[in-house]
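# Results of the structural survey
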Amino acid sequence: MDKIKSQMVGIQSQLEMEPLDENDVREFEDETLFSPQSAVQKSHVSPQSVAFSNFKLRDLKDVVYASVKIVVFSTKLNLLMPFGPLAILIHNLTGHRGWVFFFSLLGITPLAERLGYATEQLAFFTGATVGGLLNATFGNATELIISIYALKSGMIRVVQQSLLGSILSNMLLVLGCAFLSGGLVHYNKQQVFNKATAVVSSGLLLMAVMGLLFPAVLHFTHTEVHFGKSELALSRFSSCVMLIAYASYLFFQLKSQHSDYQPLNEETGQNQDSINEDEQEAPEITKWESIIWLFVLTTWISILSEYLVDTIEGASVAWNMPLSFISVIVLPIVGNAAEHASAIMFAMKDKLDISLGVAIGSSTQISMFGIPFCVVIGWMMGREMDLNFQLFETATLFITVLVVAFLLQEGTSNYFKGLMLILCYLIVAASFFEHVDPSADDDVVGKP
């Protein structure tokens, strides 16, 4: 027995002293039962599926984290995002309409700005033509969503006045602040912009005024062929014509005359460094990320818009403010906060063509696309949404378009022009604060 034990000890010591060859090691590794490859083979799972599962568990988290970091946390406006859930919480707990309306406004502001960002990112992958259509659709999506909810609730005057207020805010306040800030920063330099683009935009705005003016004149002169029907029929026909005109404008600007509508810096070769930076811009998120964010942001804006519309009349009573003032002044200022900041930033960088594209372009979208679109949607809903914005509102828009058109006809800007536009907006705001929207009974007075 002792002899057998001594032999086994000798064999063990010999194995410890003599190293294994590489062939023995490979053979041993191939025969082991705990190798990863044998485990994969025994479970009948391919290495590709293992890699895919690792991607889903690890890389997907990184992609989501990076996307949320870029879209949500890359702007200081994200500090206002918690006000959206707070508005819903206050609505369910207290039902105070004034605070729900106020917090809903604050909650929608960053969402509207991020919606524009997601649209810009998606435009990198779609090209100029589709990108222009996306900007037309999502550029003022917040106003359109609020208007659709108001239409659904039968609040036609709120729809008309909020869209009108968005036009006035962009043309007077946003453009005025851009001219003022750009003129103060570049005090010793005359800022210029592409006059051809401004003239075409002014023409479209005057066409929109024509579409709004004729139904109002038909209403207040009592010259309708069919009382109560001709005004609505004219509004629907004019809306279809305005939508065709806006689609033609997009095609004209993006395709037919694209070279004639380049910013002046690109035509003259000035500021080449900034142009090279613009040409080297690349998307920060992927195409599918942009689409997903568009869906998420639009859904969240739709939810808050419903609370906003439901509490606007209660807020008017709680704050002791005319409903027309809230619709024309308060709603557009908050809704256009992101556009306001963008226009000022580009004007301070001496890129007035982009500032005009933000301010005047947004006004053109609302007047030639947003308002006719709401008329057509109301037609489909069975709501009698028309282009009769009443005499006071139509006259205000007409005078505003004339003032802006005269200031843009030279193709130059300075801080004094910006100050004039801001002061004009203060006059408009004071007028709507003292304005009482005529009731249905007042409209009936004097009719045959």
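Residues numbered from 1 in each chain as written. Predicted model: local features only at pLDDT ≥ 70, side-chain atom pairs only at ≥ 80, totals over all residues. Heavy atoms only, no water.

What follows deals with the overall build of the chain. Looking only at helices and strands, the chain has 20 helices and two strands in total. Counting the 448 residues in the chain, one finds 43% classified as buried. Intrachain contacts of the chain at a sequence separation of at least 6 include 82% that bridge at least 24 residues. Accessible area for the chain stands at about 24,300 Å²; split by element, carbon and sulfur atoms hold 65% of it. (Helix = DSSP H or I, 4+ residues; strand = E, 2+ residues; numbered from the N terminus. Buried < 20%, exposed > 50% of the residue type's maximum accessible area, 1.4 Å probe, protein only. Contact = heavy atoms within 4.5 Å. Areas by Shrake-Rupley, 256 points an atom, 1.4 Å probe, with all protein chains shown as cover.)

This part is about the side chain of T109. Among the structural elements, T109 can be located in helix α6 (residues 97-126). The class of T109 is buried, set by a relative accessible area of 7%. Looking at T109, its side chain comes within polar contact range of the main-chain oxygen of L105, at 2.9 Å. (Polar contact = N/O pair within 3.5 Å; in protein donor to acceptor, adjacent residues only side chain to side chain.)

Glancing now at a nonpolar patch on the surface. On the surface, L184, Y187, Y415, F416, L419, M420, L423 and L426 cluster together into a nonpolar patch covering about 800 Å² of accessible area. Residue placement: Y187 occurs in the loop between α9 (156-185) and β1 (191-192). What makes Y187 exposed here is its relative accessible area of 56%. (Patch = residues over 30% accessible without salt bridge, like charges linked within 9 Å, V, L, I, M, F, W, Y side chains within 5 Å. Salt bridge = Lys/Arg side-chain N within 4 Å of Asp/Glu carboxyl O.)

The full count for this structure, using the stated rule, is three salt bridges. One salt bridge connects K189 with D350, and the closest N-O pair in it is separated by 2.4 Å. Of the two residues, K189 sits in the loop between α9 and β1 while D350 sits in the loop between α16 (337-348) and α17 (352-381), which places them 161 residues apart along the sequence. Judged by relative accessible area, which is 10%, D350 ranks as buried. A salt bridge links K417 to E410; its shortest N-O distance comes to 3.4 Å. The exposure class assigned to K417 is buried, which follows from its relative accessible area of 9%. On the accessibility criterion, E410 (54% relative accessible area) is exposed.

Now for helix α8 (residues 141-152). The end-to-end C-alpha separation of α8 is 16 Å, in line with the 16 Å expected for twelve residues at 1.5 Å each. Counting buried positions along α8 gives nine out of twelve residues, so the element sits mostly inside the fold. Within α8, the full set of buried residues consists of A141, T142, E143, L144, I145, I146, S147, A150 and L151. Looking one or two places after α8, you find G154, whose phi comes out positive at around 80°. (Expected span 1.5 Å × (residues − 1).)

Here we take up the environment of L106. Structurally, the position occupied by L106 is in helix α6. In sequence terms L106 and L79 are 27 residues apart; their C-alpha atoms lie 9.8 Å from each other. Leave out the neighbours within four places in its chain, and L106 touches L80 and F83.

Attention now moves to the nonpolar core. Of all hydrophobic cores here, the largest spans 97 residues; its most connected members are F101, L175, I371, L397, V404 and L408. In terms of residues, this core owes the most to one element, α9, which gives 14 residues. (Core = buried A, V, L, I, M, F, W, Y, C linked by side-chain atoms within 4.5 Å.)

A separate point is the packing of aromatic side chains. Using the criterion set out here, one finds twelve aromatic pairs in the structure. When the centroid spacing of 5.6 Å and the interplanar angle of 55° are considered together, the rings of F102 and F103 count as tilted. For the pair F325 and F433, a centre-to-centre distance of 5.1 Å together with 85° between the ring planes defines the contact as edge-to-face. Of this pair, F325 sits in helix α15 (residues 323-335) while F433 is found in helix α19 (residues 415-433), placing the two residues 108 residues apart along the sequence. Residue classification places F325 among the buried positions, given a relative accessible area of 13%. (Phe/Tyr/Trp six-rings, centres within 6.5 Å; stacked < 30°, edge-to-face > 60°.)

It is worth spelling out helix α14 (residues 287-319) at this point. Along α14, the sharpest kink reaches roughly 45°, centred on I312. Directly after α14, the chain includes N320, whose backbone phi takes a positive value near 55°. (Bend = angle between axes of the 7 residues up to and from the residue.)

The topology assignment puts S362 in helix α17. Beyond its immediate chain neighbours, meaning those up to four positions away, S362 contacts N140, N170, E339 and G357.

With that out of the way, let us pick up the environment of D437. Of note, D437 is situated in the loop between α19 and α20 (440-444). A C-alpha to C-alpha distance of 9.1 Å links D437 and F392, two positions 45 residues apart in sequence. Dropping the residues within four chain positions of it, D437 is found in contact with R157, Q161 and E393.

Its identity as a non-glycine residue notwithstanding, N320 has a phi of 55°, on the positive side. Taking relative accessible area as the criterion, N320 reaches 67% and is therefore assigned exposed. Positioned with a positive phi, D350 is a non-glycine residue whose angle comes to about 60°.

Our next topic: the confidence of the model for the chain. Taken as a whole, the chain shows an average pLDDT of 77; of its residues, 76% reach a score of 70 or greater. The secondary structure element of the chain with the lowest average pLDDT is α20, at 40, and the one with the highest is α19, at 93. Here residues 20-52 is a poorly scored stretch, pLDDT under 50, and it has eight contacts once near neighbours within four places are set aside; other chains count. Counting contacts from residues 440-448, a segment whose pLDDT is below 50, to residues more than four positions away or on other chains yields seven contacts. (pLDDT = per-residue confidence, 0-100.)

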